[in-house]
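Structural features, examined
If you want the building blocks of each chain, they are given just below.
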Amino acid sequence: MLLIAFLLGLLVYIVIKVFIRALYTVKPNERAVLTSFGRAVRLGEGQWVSDDSLNEDERERYRFPQLRVIGPGGPYFKWPWQEVHKVDIATQSIDLTWDPTKRQSTIEAVTKDNLTTGVDGQIRFRVAEGNLYAYCFGVDSPLEHVMGYFIAVLRERIANFVDPKGQSLVDTGDVSGEAASAAVELTEGVSINDLRKNLPLLNDYMESQCRSTGARYGIELDAALITQIDPPTEVDRALSAINSTRNQVAADISTARADAEQQITMSKRAVDIASNNAQAEVAPLRELASTLMGIKRTGGASALRAYIRNMRIPLLKQAKRIVQVAGPAADESTATVTGLSAADQPARGGA
């Protein structure tokens, strides 16, 4: 009986171990790697070739074998001495503060002007399907290595970050002397402000610098989402005051420039109006002068005297008193209106 029970138990163990637990499935978002006695099943002697994100020395260091990857489906069969390593290849997100060795609420980084800031955000990543050896067997905790690498690059970038635009709030092109130096001091870049204004550029830089994580650790960085960079509370209040002052200075200078341009425009228009009025007054005189010159040129001095005498007739009709000087030039004398009636006019040639 004992022998029969032993044989039945052995048969049940074999059935469970070999046939039931030997079957497995792979989900659509998973990939599986099979190992025999701890050695992953390879695709011949092929080596995984990294892209241009690594230099020559790193390519030799991170040269991993290509594995036979089991895709979604099943059930698949494995022997008892084989083990299945399943990997989730879906895109995941993780907070920057994640660290399995300690608890922290923010990532500290020092800017180029020695200001300690707190950085918050997330990264999106996925397992590199073509480099599962690095993820499963290359390092003990690949995600921890990737986070350490990412934070190290981030701190280095923050410590040396300079605004690539290099634009000042105030244009000092037409300011000279002490005013120009004061404007430069007001617009001198504060690193925390430059970082806050250029968060998209910082994220792009981090994505480009971390493209090698797929070759190093088998994890590809999908996106860097650095959303907040905050200094200590007392420094933040001081920076807010500085920013308010700079914005006020920029607004005052812009208003002054607008007023000056408006005054210049109004002055130009006033000059144009005065010039047009002067030209309008001069034009009849020039026309009369050209007419008199034409009469003198065509008819001579006698014709000009006759024209002037005829032009006097309407004026003489309107005059109330005429004073005429006796003498040879009596015909060319000038009549003056004095306010008396025409009946009081003296006889021609009178004193």
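Everything numeric in this text was worked out from a predicted model, so none of it was measured. Positions within a chain are numbered from 1, following the residues in the order the chain's sequence is written. Where totals are concerned, whole chains, interfaces and linings use all residues; where local detail is concerned, this predicted model gives features only for residues with pLDDT of at least 70, and gives and counts side-chain atom pairs only at 80 or more. Side-chain figures throughout are based on the complete set of non-hydrogen atoms in the structure, without hydrogens or water.

Right, let's get into the overall build of the protein chain. Note on conventions: DSSP H or I runs of at least 4 residues are helices, E runs of at least 2 residues are strands, and numbering of each starts at the N terminus. In terms of helices and strands, the protein chain carries 9 helices and 12 strands. Remark: exposure states derive from per-residue accessible area (1.4 Å probe, protein chains only) relative to the maximum for the residue type, with buried under 20%, exposed over 50%, and partly exposed in between. Counting the 351 residues in the protein chain, one finds 27% classified as buried. Residue contacts are counted whenever heavy atoms from the two residues lie within 4.5 Å of one another. When contacts within the protein chain are restricted to residue pairs at least 6 apart in sequence, long-range pairs at least 24 apart make up 74% of them. Note that accessible areas follow from Shrake-Rupley with a 1.4 Å probe, and for residues the cover is restricted to the protein chains shown. Entry remark: accessible area of the protein chain is about 22800 Å², with carbon and sulfur atoms responsible for 55%.

This part covers the pairing of strand E1 (residues 23–26). Only one face of E1 is covered, namely the one carrying Tyr24 and Val26; the face carrying Leu23 and Thr25 has none of its residues buried. In this analysis, strands are considered paired if DSSP registers two or more bridges between them. Two elements, E1 and strand E7 (residues 73–77), share 3 bridges in a ladder whose sense is antiparallel. Across the sheet, the residue bridging to valine 26 is glycine 73, located in E7.

It is worth spelling out the side chain of threonine 35 at this point. Within the secondary structure, threonine 35 sits in strand E2 (residues 30–36). Not counting the four nearest positions on each side in its chain, threonine 35 is found in contact with Ala40, Trp81, Gln82, Glu83, His85 and Phe137.

Mapped onto the secondary structure, glycine 138 falls in helix H3 (residues 132–138). Overall, the relative accessible area of 39% leaves glycine 138 in the partly exposed class. Along the chain, glycine 138 and glycine 218 lie 80 residues apart, while their C-alpha atoms are 8.3 Å from each other.

Our focus in this paragraph is the side chain of glutamate 30. Positionally, glutamate 30 belongs in strand E2. For this count, His and the chain ends are skipped, Lys and Arg are scored as positive, and Asp and Glu as negative. Put simply, a salt bridge is a Lys or Arg side-chain nitrogen that is within 4 Å of an Asp or Glu carboxyl oxygen. Summary of buried charges: glutamate 30 has no salt-bridge partner, and the nearest side chain of opposite charge, lysine 86, is 4.6 Å away. Excluding its chain neighbours within four sequence positions, the residues that come into contact with glutamate 30 are Pro72, Lys86, Val87 and Asp88.

So, on to unusual backbone geometry. Positive phi, close to 55°, is recorded for phenylalanine 37, a residue that is not glycine. As for its placement among the helices and strands, phenylalanine 37 is situated in the loop between E2 and strand E3 (39–40). Judged by its relative accessible area of 70%, phenylalanine 37 is exposed. Of note in this structure, asparagine 114 is not a glycine but carries a positive phi near 60°. With respect to the secondary-structure elements, asparagine 114 resides in the loop between strand E10 (107–110) and strand E11 (116–127).

Within this scheme, the nonpolar core is defined by two criteria: the residues are buried Ala, Val, Leu, Ile, Met, Phe, Trp, Tyr or Cys, and they are joined through side-chain atoms within 4.5 Å. Membership of the largest hydrophobic core comes to 29 residues, with the highest contact counts inside it found for Leu96, Val119, Phe150, Leu154, Met206, Ile226 and Ile229. If you list the elements that add at least two residues to this core, you get E10, E11, helix H4 (142–159), helix H6 (191–197), helix H7 (199–209) and strand E12 (219–230). Among the elements that line this core, the one with the most residues is H4, at 8 residues. Here leucine 154 is in contact with Leu96, Val119, Leu202, Met206 and Ile226, once residues within four sequence places are set aside.

Two elements in contact, H4 and H7, have axes separated by 10 Å at closest approach and are oriented at 135°. Considered as vectors, H4 and H7 are oriented oblique to each other. Once H4 is placed against H7, the crossing between them reads as right-handed. Contacts from Tyr149, Phe150, Val153, Leu154, Glu156 and Arg157 of H4 reach H7 at Leu202, Tyr205, Met206 and Gln209. Between N-to-C directions, angles span 0 to 180 degrees; the directions come from axes that are lines fitted to C-alpha atoms, helices contributing only their stretch in contact. Any angle from 65 to 115 degrees is called roughly perpendicular, while one under 35 is roughly parallel, one over 145 is roughly antiparallel, and all others are oblique. Crossing handedness is read from the near helix: turned anticlockwise from the far helix by less than a right angle, it gives a left-handed crossing, and turned clockwise, a right-handed one.

Of the residues making up H7, those classed as buried are Leu199, Leu202, Asn203 and Met206. Mapping the buried residues of H7 onto a view down its axis gives an arc of 100°, with all of them on the same face. Buried residues along H7 sit against H4, H6 and E12. Think of the arc as the fan of directions from the helix axis to the C-beta atoms.

Looking now at a nonpolar patch on the surface. The patch calculation keeps residues exceeding 30% relative accessible area without a salt bridge and links them within 9 Å when they carry like charges or within 5 Å when they are nonpolar (Val, Leu, Ile, Met, Phe, Trp, Tyr). On the surface, a cluster of nonpolar side chains totalling about 620 Å² of accessible area is made up of Leu3, Phe6, Leu7, Leu10, Tyr13 and Ile14. One can find phenylalanine 6 in helix H1 (residues 2–20).

What follows covers H4. Compared with the 26 Å implied by 1.5 Å per residue over 18 residues, the 26 Å span of H4 between its first and last C-alpha is a close match. Of the residues making up H4, those classed as buried are Pro142, Leu143, Val146, Met147, Phe150, Ile151, Val153, Leu154 and Ile158. Buried residues of H4 fall within an arc of 165° about the axis and therefore sit on the same side. Helix span, expected: 1.5 Å multiplied by one less than the number of residues in the helix.

Counted by the stated rule, this structure contains 6 salt bridges. As a salt-bridge pair, aspartate 194 and lysine 197 come within 3.9 Å of each other at their nearest N and O atoms. Of the two residues, aspartate 194 and lysine 197 both sit in helix H6, 3 residues apart, roughly one turn of that helix. By relative accessible area, lysine 197 is classed as exposed at 53%.

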